[in-house]
Amino acid sequence: MKCDFIEQHAATHPVRVTRRVLGVSASGYYGWRTRPPSLRAMTNIALLGNVRRLEARHQGRYGSSRMHAALQAEGHRCSRGRA
């Protein structure tokens, strides 16, 4: 999250200053920029897309129990807490 913020504001604020204010090391920030997204991050993005699709279909009326059941019925594997 901090690295995302630094990246988004790099055009308006110096990266060096923003990193210091947020307490992010240079190696951590530049490592984040070059590292590919983890498998967990990619599955979270896919899961979020499915949750938003179901939420739109049911007009935001599904709670976590129903959302979890709907995702399971579609063949997606996730815990109730992630759904």
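Everything below is about the structure shown above.
Here goes a summary of the coordinates provided. (Residues numbered from 1 in each chain as written. Predicted model: local features only at pLDDT ≥ 70, side-chain atom pairs only at ≥ 80, totals over all residues. Heavy atoms only, no water.)

This paragraph deals with helix α5 (residues 64-73). Turning to α5, its buried residues are M67, A70 and L71. Relative to the axis of α5, the buried residues are bounded by an arc of 100° and lie together on one face. Set apart from the buried face of α5 by more than 90 degrees, the exposed residues are R66 and A73. Each element contacted by the buried residues of α5 is listed here: α4 (39-57). Taken from the residues just after α5, G75 is the one with a positive phi, measuring 95°. (Buried < 20%, exposed > 50% of the residue type's maximum accessible area, 1.4 Å probe, protein only. Helix = DSSP H or I, 4+ residues; strand = E, 2+ residues; numbered from the N terminus. Arc of directions from axis to C-beta. Contact = heavy atoms within 4.5 Å.)

Let us look at the layout of surface pockets. Estimated volume of the largest pocket: approximately 240 Å³. Along its surface, the largest pocket is lined by D4, W32, R35, P36, P37, S38 and A41. Looking at the lining of the largest pocket residue by residue, the class counts come to four nonpolar, one polar and two charged. (1 Å grid on protein atoms, 1.4 Å probe; cavity = no way out; pocket = protein on both sides within 12 Å on 5 of 7 lines; lining within 4 Å. Points joined across faces, edges and corners; volume = space filled by probe spheres on them. Nonpolar A, V, L, I, M, F, W, Y, C, P; charged D, E, K, R; others polar.)

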